[in-house]
Amino acid sequence: MGDYHFVYKDVEGTSTQWDDIQRKLGNLPPKAPVFKPDPFTPGEDESSKSKDKDWIDEKTQDELDDLEDDPDLNDDRFLQEYRMKRMAEMREVAKIVRFGSVIPISGSDFVREVSQAPEDIWVVVLLYKDGYSGCQILLQSLEELATKYTVTKFVKIISTDCIPNYPDCNLPTVLVYHNGALKSNYVGLHSFGRSCTPEGVALTLCQSDPVLNDGRSKQGQSREAVLDGVRKSFLDKVVAQHEDDDGSSSD
């Protein structure tokens, strides 16, 4: 004979009046809360996005070019605003004073070029004389640094034009200025290490201050960031030199 016993289940979360009475008397556990699924939210359609500045900024240059030819796009004002914003950024970058080479100056130029240099510009001054090999070695390193750290100003001046009767035995000498004040000085080629590489000179110049600045940061570069960059450059050169040596030996 079949089992006709069955249990009737009502809609989830509902209960009978009898069950409610039993729960009040403490004979049944509290009723479980009714399950409610999260409300459905459709995904955002790309075409429905508000075409504001943020929407424009997310686009690549190729996508912007495509937008200009899109007949369905009626938000030309945002493209124009985008261009204006980019032009303003370019103007700000152009305001940054850049040098990029070791500038020769005379004694009469010193105050204007060094002491009165633009605010917050670091100035590296090389005192030298022609015919001194140490001066030429250091100058080569400074020229390489000047092309990399274009916001730092590098100048060179004949030593006795800068300081009358300056001893030749002190050449080459480097003076570092910031906001019109002398911050440090380095006398003799030995101050920059045995081989006087650009990396060694950079490390010496940044011992206590972030003298070197490539202009990539609006707030300038920290001393630690400069030193990290110098160390990486040094390691890259060592690896490249090692690879060149291995290639030559295999030939």
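Going by an unreviewed UniProt entry, the chain carries the name Phosducin domain-containing protein and comes from Anisodus acutangulus. What UniProt records for the chain under Sequence similarities (unreviewed entry) is the sentence "Belongs to the phosducin family."

Enquirer: What is the right way to read the environment of Lys 129 from this model?
Expert: Assignment of secondary structure puts Lys 129 in the loop between β2 (122-128) and α6 (133-148). With relative accessibility at 22%, the residue Lys 129 sits in the partly exposed group. When the C-alpha positions of Lys 129 and Pro 172 are compared, they lie 7.9 Å apart, and in sequence the two are 43 residues distant. Those residues in contact with Lys 129, other than ones at most four positions away along the chain, are Cys 135, Ile 158, Ser 159, Thr 160, Asp 168 and Leu 171. Only 3.0 Å separates the side chain of Lys 129 from the side chain of Asp 168, close enough to count as a polar contact.

Enquirer: Please clarify how the pairing of strand β5 (residues 181-187) should be interpreted in this entry.
Expert: Looking along a regular strand, one sees the side chains alternate between the two faces of the sheet. Here strand β4 (residues 173-178) runs beside β5; their pairing, made up of six bridges, is antiparallel. Bridging from a neighbouring strand, Leu 175 pairs with Asn 185 of β5. Hairpin connection between β4 and β5: a loop of two residues separates the two successive antiparallel strands, and Asn 179 in this loop has a positive phi of roughly 55 degrees.

Enquirer: I'm lost on the nonpolar core in this one. Help?
Expert: In globular proteins that are soluble, nonpolar side chains generally tend to be buried together. Counting 39 residues, the largest nonpolar core has Val 125, Val 174 and Leu 205 as the members making the most contacts within it. Secondary-structure elements contributing two or more residues to this core are α5 (110-115), β2, α6, β3 (153-158), β4 and α8 (198-205). Sort the elements by how many residues they give to this core and β2 lands first, with seven residues. For Val 174, the contacting residues outside a window of four places in its chain are Val 124, Val 125, Leu 126, Leu 138, Ser 184, Asn 185, Tyr 186, Phe 192 and Leu 205.

So, how was this worked out
Residues numbered from 1 in each chain as written. Predicted model: local features only at pLDDT ≥ 70, side-chain atom pairs only at ≥ 80, totals over all residues. Heavy atoms only, no water. UniProt positions renumbered as here; feature names shortened; annotations may be inferred. Helix = DSSP H or I, 4+ residues; strand = E, 2+ residues; numbered from the N terminus. Buried < 20%, exposed > 50% of the residue type's maximum accessible area, 1.4 Å probe, protein only. Contact = heavy atoms within 4.5 Å. Polar contact = N/O pair within 3.5 Å; in protein donor to acceptor, adjacent residues only side chain to side chain. Pairing = 2+ DSSP bridges. Core = buried A, V, L, I, M, F, W, Y, C linked by side-chain atoms within 4.5 Å.

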